[in-house]
Amino acid sequence: MEAENRLSVVSARSGSVGHGGGAGSGSSHVFHGFELLVLRKLHSDPLMLEKWKERLKPKGGSDDCDLGEIPQCLWFFAVTLDREKERFLNFFKEQVLNFTDMHGFRSRETLLDIYLNYHSFTELRLDGMFKYGDDNNLPLEIFKCSTVKWLSMKYNYLDVIPCDIGRMASLEYLALTNNKLQNKSIPYTLTFCTKLKTLMLDNNLLDALPGFLLKMLSIETVHRHGNHNYFKSTFMWYHTDVNERILTVQSSGDYVSHEPETLQFWAAKAVIGSKINFFASSNVASALKDYISSIYRHFNVCGFCNAAKLCNQPGFKVITFKNPYLGNTCVPFQHWACSLTCAMELEIPAREEQISAARELDRQYDAYIKECQRQYRFGGANGSRRLSFRRWPSRSVSASSAVFNLSSNSRDSVCFNQERGSRLRFFCCGQHPACDCCVS
């Protein structure tokens, strides 16, 4: 029975590579989740690290190393040695075997720190690292990789993203699909990632998108489908009285202090409220940056003014809509405001913009439909009823890109799209899919 629960890795031969390690069977610029689990385990268990150091010591002047059997519970060791054997073993021999004082080694920096700095990865593929109930706290070292452009953390049961994600200045792609993220789980520091283009938020617990995404002009794609109560909340807030879009939020959070706050605390609070990129600022001391990072999750940042309040203090939740947003209609955003005045400053202009945009689109579509009907009725001197519709400017419905042909022997059909009381008619060949007039 014991043999069935063990993975056999009898021996491994490390090749000769230069500084930076070898690519093994994978790609040299990609860091995987199973490597992270190995490094975290070795760092947290000094006895296991010493055991592996002994196993990897050269024996008899040969590069061969006897790794023995690996227990099933340490599957990530076996996967690492299978997929990135050369890279991992070379790093271990060059960087780890030379350390004799483990206490001094661990107090200076972590194994993960050394490994990431040693390789300068550009992609972090950290999908499916954790099972339900595992300790899924993300190590902050992964957010200090300034060269990373692609970060995927799908299927990890994550309920919070550390504010340190704002350190990733080169980040262009972020996948957070299939986690347990709520609106408060995504920190405002994501706006510091000024090169971010794609954000994947599918299948989480979001009621709306975080309001600060509207400030991130670099974003080109946001995936948000499959979120808990997302569409229910969308229609509820869209059709409700506008006065119900500002909701009082009672205190939440677990921050408790029985002593007077320090000067460092008040400095951190001011920096958080200012919304500056304190990670990149030379005016903020490194020690203060680390302290801000450690307490950031206890604060709510006002979406209008430069204020930050502890989560155990009341505030206001504000719902606004952007129509269109990145090719989608009726997209809800959730903001947090420190006062009713700030809440109204967020909601009223957004509502006025929404109503104005809807009226203008209604006017354009009415004119467009009338023109189409006029061309249909007076189709041509030869009596033919063939009609080709030009591409219509986007209303964030897929009908905008459809081309309709109506011939004299075709069956007329009518397709409806209703939004804010407007009804749109399209004449086509009778095939409803060809109309393609449903909201995407």
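Structure's up top.
Just so it is clear, the model here is predicted, and its values are computed rather than measured.

J.: Let's hear about the packing of aromatic side chains: which residues, and what values?
T.: Aromatic ring pairs are defined here through the distance separating the ring centres and the angle between the ring planes. Here the structure, examined in full by the defined rule, presents 19 aromatic pairs. When the ring of F88 is compared with that of F92, the centres are 5.8 Å apart and the planes differ by 45°; the resulting orientation is tilted. On the criterion of helical spacing, the pair formed by F88 and F92 is a turn pair, its members being four residues apart in helix α4 (residues 85-96). Note on F88: relative accessible area 2%, which makes it buried. Here a set of aromatic residues connected by ring pairs shows up, and it is made of F31, F91, Y115, Y118 and F121.

J.: Describe the packing of helix α3 (residues 75-83) against α4, with residues and values.
T.: Two elements in contact, α3 and α4, have axes whose closest approach is 5 Å; the angle formed by their N-to-C orientations is 105°. Here α3 is positioned roughly perpendicular relative to α4, judged by the angle of their axes. Along its contact with α3, which presents T80, L81 and R83, the element α4 presents K85, F88 and L89. Split by residue class, the contact of α3 with α4 holds three nonpolar, one polar and two charged.

J.: Explain the nonpolar core to me, and be specific about the residues and the numbers.
T.: If you look at the biggest cluster of nonpolar residues, it comprises 83 residues, and the most contacted ones within it are F31, L42, M153, L174, L190 and L213. Residues within four places of L213 in sequence aside, it is in contact with L190, L199, I219, Y325 and F333. Formed by 10 residues, the second largest nonpolar core is a distinct cluster that contains C302, V318, C338 and C342.

J.: Can you explain the sheet that holds strand β15 (residues 315-322)? Please cite residues and give values.
T.: Spatially, four strands are ordered β10-β16-β15-β12 in an open sheet, and the strand pairing comes out mixed. Only two strands of the sheet have a single partner each, and these edge strands are β10 (209-210) and β12 (246-249). The sheet contact formed by β12 and β15 spans four bridges and is antiparallel. The residue of β15 that forms the bridge with T248 is F316. On the sheet, helix α10 (residues 340-377) packs against β12, β15 and β16 (331-337) and is oriented at approximately 10° with respect to β15.

J.: Would you mind going over α4 in detail, with residue names and values included?
T.: Because the α-helix completes a turn every 3.6 residues, residues three or four places apart line up on one side. Given a rise of 1.5 Å per residue, 12 residues ought to cover 16 Å, and the 15 Å separating the end C-alpha atoms of α4 matches this to within 8%. Among the residues making up α4, those that are buried are R87, F88, L89, N90, F91, F92, K93 and V96.

Cut-offs applied
- Residues numbered from 1 in each chain as written.
- Predicted model: local features only at pLDDT ≥ 70, side-chain atom pairs only at ≥ 80, totals over all residues.
- Heavy atoms only, no water.
- Phe/Tyr/Trp six-rings, centres within 6.5 Å; stacked < 30°, edge-to-face > 60°.
- Helix = DSSP H or I, 4+ residues; strand = E, 2+ residues; numbered from the N terminus.
- Buried < 20%, exposed > 50% of the residue type's maximum accessible area, 1.4 Å probe, protein only.
- Axes fitted to C-alpha atoms, helices over the stretch in contact; angles between N-to-C directions.
- Parallel < 35°, antiparallel > 145°, perpendicular 65-115°, else oblique.
- Contact = heavy atoms within 4.5 Å.
- Nonpolar A, V, L, I, M, F, W, Y, C, P; charged D, E, K, R; others polar.
- Core = buried A, V, L, I, M, F, W, Y, C linked by side-chain atoms within 4.5 Å.
- Pairing = 2+ DSSP bridges.
- Expected span 1.5 Å × (residues − 1).

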